[in-house]
Amino acid sequence: MRYTASMFILGIETSCDETAVAVLETTGETHTDTPRVVAHAVYSQIETHTEYGGVVPRLAKFEHQKNLPVMVKAVLKEANASRQSSKSQNDLEESKIKIDLVAVTVGPGLAPALAVGKDFGVEFAKKNNIPIIGVNHIEGHIYSAWLDQTPSAFPLIALIVSGGHTQLALMHDFGEYDMLGSTVDDAAGESFDKVGKMLNLEYPGGPVVSKRAELGDSEAYDFPRPMLTSGDYNFSFAGLKTAVLYALKGDHAGRMANAAATYSDEITNNVCASFQKAVIDVLVAKTKRAVKEHKPTGVLLVGGVAANERLGETLKKELPVPVMIPDKKWTGDNAVMIALAGYHRYLDGMRSDPDTLDIHARWPITEII
Ligand code: KG4
Ligand code: ZN
């Protein structure tokens, strides 16, 4: 789809271990646009952090500094090329994309990593004399549900499950949230990663633990369902992780508690399946109760863990309303969702002051002004 009057947004994401850049095209007029991804790129630093089994902030910062300028240049070039290829030779000059807005993640996330994107975005906005909006990463994940599909009408419930967050939010309108609950300790994705580490599987654990889970017996281990009956919408995954550790120690008496060892395929697959089932049971039960109480028209499943097919299938089966899951290319961190979140905030009149724009390592979505 090509708009008659277009607004181009440069999205920048550096909150953790992915450097991401995107150019998004919108009408600049309504919340109900079908946004068009003109060009985008994600560079994952997984290889840099793998040997440490987790993200090292200092290294993440260094990698973002090295890669971001190159990626912005490449994405802008690709955006221009895609536009020019659909125009006649005479229109080439005027078809060059002019970026109208910079949308950059300023929180929550790792402070040294966030600062790289923020500083770059501010400089770009100032140089081009265009507005900049500091975007909340979690809100970005929520808007990923509007890429390639149009969710049902408000109110909606969003289940946000990523490496850093596990939250249930009630969304009354674009940009209007009530927080129903969140994790009191580890995030869902983080628990997948830690279990993967205990089993000596590849980092990050989520994708490989979920693959192994498909080969195992989910009844083999009786892991706890933490806070299942707590009566609120909060989550806790630290105890579940500890239960997995004890189960592994039981299977291999005498091992050091934190020593990652190689376990048989049978043990590995069964632990993964039983652990995954426990996580899904809790996520689904809490979401089900939130749906019963708040009666949304649908549920959005977003964030890195939304790539877990078993979680998506179970939610779809158990909930009485439609469950909308972004395409896998948008579930992990990307800058397209950041550009879209910035667009919605722009429509609501938000502008950040480039001279005072700051990063927020912690920043609940209910506190976005
Ligand atoms: O949203 P994301 O890319 O980054 C954060 O904002 O944290 O999420 C990354 C998380 C990691 O913990 C990763 O292990 C998890 O998402 N993940 C999965 C799956 N794919 C990625 N967890 C469970 N099952 C998956 N298939
Ligand atoms: Zn994320």
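Structure first, text after, so check above.
Residues numbered from 1 in each chain as written. Chains lettered and ligands numbered in written order. Predicted model: local features only at pLDDT ≥ 70, side-chain atom pairs only at ≥ 80, totals over all residues. Heavy atoms only, no water.

(A) Spatial organisation of the coordination of the zinc ion (ligand 2). The zinc ion (ligand 2) binds to the protein through His 137 (NE2), His 141 (NE2) and Asp 333 (OD); the donor distances cover 2.0 to 2.1 Å. Within one chain, the residues serving as donors to the zinc ion (ligand 2) are arranged as H-x3-H-x191-D. Here His 137 and its partner His 141 are both found in helix H4 (residues 137-143), 4 residues apart, which amounts to about one turn of the helix. For the residue pair His 137 and His 141, the accessibility class agrees, reading buried in each case. (Donors = N, O, S within 2.8 Å, 3.2 Å for Na, K, Ca; no water. Helix = DSSP H or I, 4+ residues; strand = E, 2+ residues; numbered from the N terminus. Buried < 20%, exposed > 50% of the residue type's maximum accessible area, 1.4 Å probe, protein only.)

(B) Structural context of the pairing of strand E8 (residues 176-182). Bridging between strand E7 (residues 166-173) and E8 involves 6 bridges; their strand directions are antiparallel. Looking at the pairing, Ala 169 lines up with Met 179 of E8. Hairpin connection between E7 and E8: a loop of 2 residues separates the two successive antiparallel strands, and Gly 175 in this loop has a positive phi of roughly 80°. (Pairing = 2+ DSSP bridges.)

(C) Spotlight on the site of ligand 1. What surrounds ligand 1 is a group of 21 residues, the closest being Gly 163, Asp 193, Gly 206, Gly 304 and Asn 308. Here an oxygen atom of ligand 1 and a backbone polar atom of Gly 164 are 3.2 Å apart. Coverage of ligand 1 by the protein amounts to 87% of the 550 Å² it exposes when considered alone. Tallying contributions element by element places helix H5 (residues 188-198) first for the shell around ligand 1, with 4 residues. Along the lines of polarity and charge, the residues of the shell around ligand 1 split into 5 nonpolar, 13 polar and 3 charged. (Near = heavy atom within 4 Å. Polar contact = N/O pair within 3.5 Å; in protein donor to acceptor, adjacent residues only side chain to side chain. Areas by Shrake-Rupley, 256 points an atom, 1.4 Å probe, with all protein chains shown as cover. Nonpolar A, V, L, I, M, F, W, Y, C, P; charged D, E, K, R; others polar.)

(D) Local environment of the packing of H5 against helix H6 (residues 205-213). Axis separation between H5 and H6 bottoms out at 8 Å; the angle between their running directions is 70°. Taken together, the axes of H5 and H6 lie roughly perpendicular to each other. Listed contacts from H6 to Phe 192, Asp 193 and Gly 196 of H5 are Gly 205, Gly 206 and Val 209. Across the contact of H5 with H6, the residue classes break down as 2 nonpolar, 3 polar and 1 charged. (Axes fitted to C-alpha atoms, helices over the stretch in contact; angles between N-to-C directions. Parallel < 35°, antiparallel > 145°, perpendicular 65-115°, else oblique. Contact = heavy atoms within 4.5 Å.)

(E) A look at the pairing of E7. When you tally the buried positions in E7, you get 6 out of 8 residues, the bulk of the element. Two strands pair when backbone bridges link them, and strand E6 (residues 156-161) and E7 are joined in this way by 6 bridges, in the antiparallel orientation. Pairing of Leu 156 across the sheet is with Met 171, part of E7. If you look at the hairpin formed by E6 and E7, you'll find 4 residues sitting between the two strands.

(F) Here's a closer look at the sheet that holds E8. The mixed open sheet is built from 5 strands, whose spatial order is E8-E7-E6-E9-E10. The open sheet is flanked by E8 and strand E10 (323-324), the only strands paired with a single partner. Note that E6 and strand E9 (residues 298-302) share 5 bridges and pair parallel. Paired with Ala 158 across the bridge in E9 is Leu 300. Together, E6, E7, E8 and E9 form the strand contacts of helix H8 (residues 265-294), whose direction differs from that of E6 by roughly 160°. Along the sheet, helix H9 (residues 309-318) contacts E6, E9 and E10; its crossing angle with E9, the most-contacted strand, is approximately 175°.

(G) Examining the packing of aromatic side chains more closely. Counting across every chain of the model gives 8 aromatic pairs. Ring geometry for Tyr 143 versus Phe 174: centroids 6.3 Å apart, planes at 15°, classification stacked. One end of the pair, Tyr 143, is in helix H4; the other, Phe 174, is in the loop between E7 and E8, and 31 residues separate them in sequence. Like Tyr 143, the residue Phe 174 is buried in the burial classification. Note on Phe 192 and Phe 275: the rings are 5.0 Å apart at their centroids and 75° apart in plane angle, and the pair reads as edge-to-face. With Phe 192 in helix H5 and Phe 275 in helix H8, this pair connects stretches of sequence that are 83 residues apart. Overall, Phe 192 belongs to the buried group, its relative accessible area being 3%. Geometry around Phe 235 places Lys 286 over its ring, the cationic atom sitting 6.0 Å from the centre. (Phe/Tyr/Trp six-rings, centres within 6.5 Å; stacked < 30°, edge-to-face > 60°. Lys NZ or Arg CZ within 6 Å of the ring centre and 35° of its normal.)

(H) Representation of the sheet that holds strand E4 (residues 101-107) in the model. Strand order in the open sheet formed by 5 strands is E3-E2-E1-E4-E5, and the pairing between neighbours is mixed. Two strands in the sheet have a free side with no partner beyond their single neighbour: strand E3 (36-44) and strand E5 (132-136). Between one strand axis and the next, the sheet turns through 20° on average, direction left out of account. Docked against the sheet, helix H3 (residues 111-128) engages strand E1 (7-13), E4 and E5, running at close to 160° with respect to E4.

(I) Seen up close, the side chain of Ser 144. Relative to the helices and strands, Ser 144 resides in the loop between H4 and E6. For Ser 144, a relative accessible area of 0% gives the class buried. Separated by 2.5 Å, the side chain of Ser 144 and the backbone oxygen of His 141 make a polar contact. Setting aside residues no more than four positions away along its own chain, Ser 144 makes contact with Val 302, Pro 326, Trp 330 and Met 337.

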